[in-house]
Amino acid sequence: MPARPALAHAVRLAAHHGTDRLRLLQGRVRLTPELLHHLRAIARHSASEPKLSVALAAYARNHSVRVVTNTNLMIDLGAPDA
């Protein structure tokens, strides 16, 4: 995993690319205990390796799931070093 840029570098990236092209990505995936239980149950009852997309779709039929997608080029600044 690449290191996050130092604050000065992050400022230069923002100036060069514009702040609308940069994202602060925190906790790219957040799993609830309920989702983990659901995934564990599917894996336990599957003869082969279960597909994550199918398991999430099954979970989403009865639970709220937020998915954010983006097809634009982004730079992950993470949390800039102080």
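Along each chain, the written sequence defines residue order, and numbers are assigned to residues from 1. Per-residue local features are limited, in this predicted model, to residues with pLDDT of at least 70; the limit for side-chain atom pairs, both in listing and counting, is 80 or more; totals at the level of whole chains, interfaces and linings are taken over all residues. As a rule here, side-chain values come from all non-hydrogen atoms in the structure, and water together with hydrogens is ignored.

A. Fine view of the overall build of the protein chain. Secondary structure assignment for the protein chain yields 3 helices and 2 strands. Starting at the N terminus and walking to the C terminus, you meet the elements of the protein chain as α-β-α-α-β. Exposure classes here rest on a 1.4 Å probe applied to the protein chains alone. A residue is buried below 20% of its type maximum, exposed above 50%, and partly exposed in between. Within the protein chain, the proportion of its 82 residues that are buried is 13%. Considering only contacts in the protein chain between residues 6 or more positions apart, those separated by 24 or more positions represent 73%. Note that accessible areas follow from Shrake-Rupley with a 1.4 Å probe, and for residues the cover is restricted to the protein chains shown. Summing over all exposed atoms, the protein chain offers an accessible surface of approximately 7,000 Å²; the carbon and sulfur share of this is 57%. In this text, helices come from DSSP runs of H or I with a minimum length of four residues, and strands from runs of E with a minimum of two, each type numbered from the N-terminal end. Contacts are assigned to residue pairs that have any heavy atoms within 4.5 Å of one another.

B. Spatial organisation of the environment of Ala55. If you trace the backbone, Ala55 turns up in helix α3 (residues 52-60). With relative accessibility at 5%, the residue Ala55 sits in the buried group. Spatially, the C-alpha atom of Ala55 lies 6.5 Å from that of Leu39, the residues being 16 residues apart in sequence.

C. Representation of the confidence of the model for the protein chain. The predictor rates its confidence in each residue with pLDDT, a number between 0 and 100. Taken over all residues, the pLDDT of the protein chain has a mean of 75, while the share at 70 or more is 67%. For the protein chain, strand β2 (residues 75-76) is the element with the lowest average pLDDT, namely 63, and helix α2 (residues 33-44) is the one with the highest, namely 88.

D. Geometry of the packing of α2 against α3. Axis separation between α2 and α3 bottoms out at 10 Å; the angle between their running directions is 125°. Judged by the inter-axis angle, α2 sits oblique to α3. Handedness of the crossing formed by α2 with α3: right-handed. Contacts between α2 and α3 involve Glu34, Leu35, His38, Leu39 and Ile42 on the former and, on the latter, Leu52, Ala55, Leu56, Ala58 and Tyr59. Residue polarity is assigned by list, with Asp, Glu, Lys and Arg as charged and Ala, Val, Leu, Ile, Met, Phe, Trp, Tyr, Cys and Pro as nonpolar; anything else, Gly included, falls into the polar class. Taken together, the residues that form the contact of α2 with α3 break down as 8 nonpolar, 1 polar and 1 charged. Every axis corresponds to a line fitted to the C-alpha atoms, with the helix fit spanning only the stretch in contact, and the corresponding angles, defined between N-to-C directions, vary from 0 to 180 degrees. Angle categories: roughly parallel below 35 degrees, roughly antiparallel above 145, roughly perpendicular from 65 to 115, and oblique for all the rest. By definition, any crossing whose near helix is turned counterclockwise from its far helix by less than a right angle is left-handed, and any crossing with a clockwise turn is right-handed.

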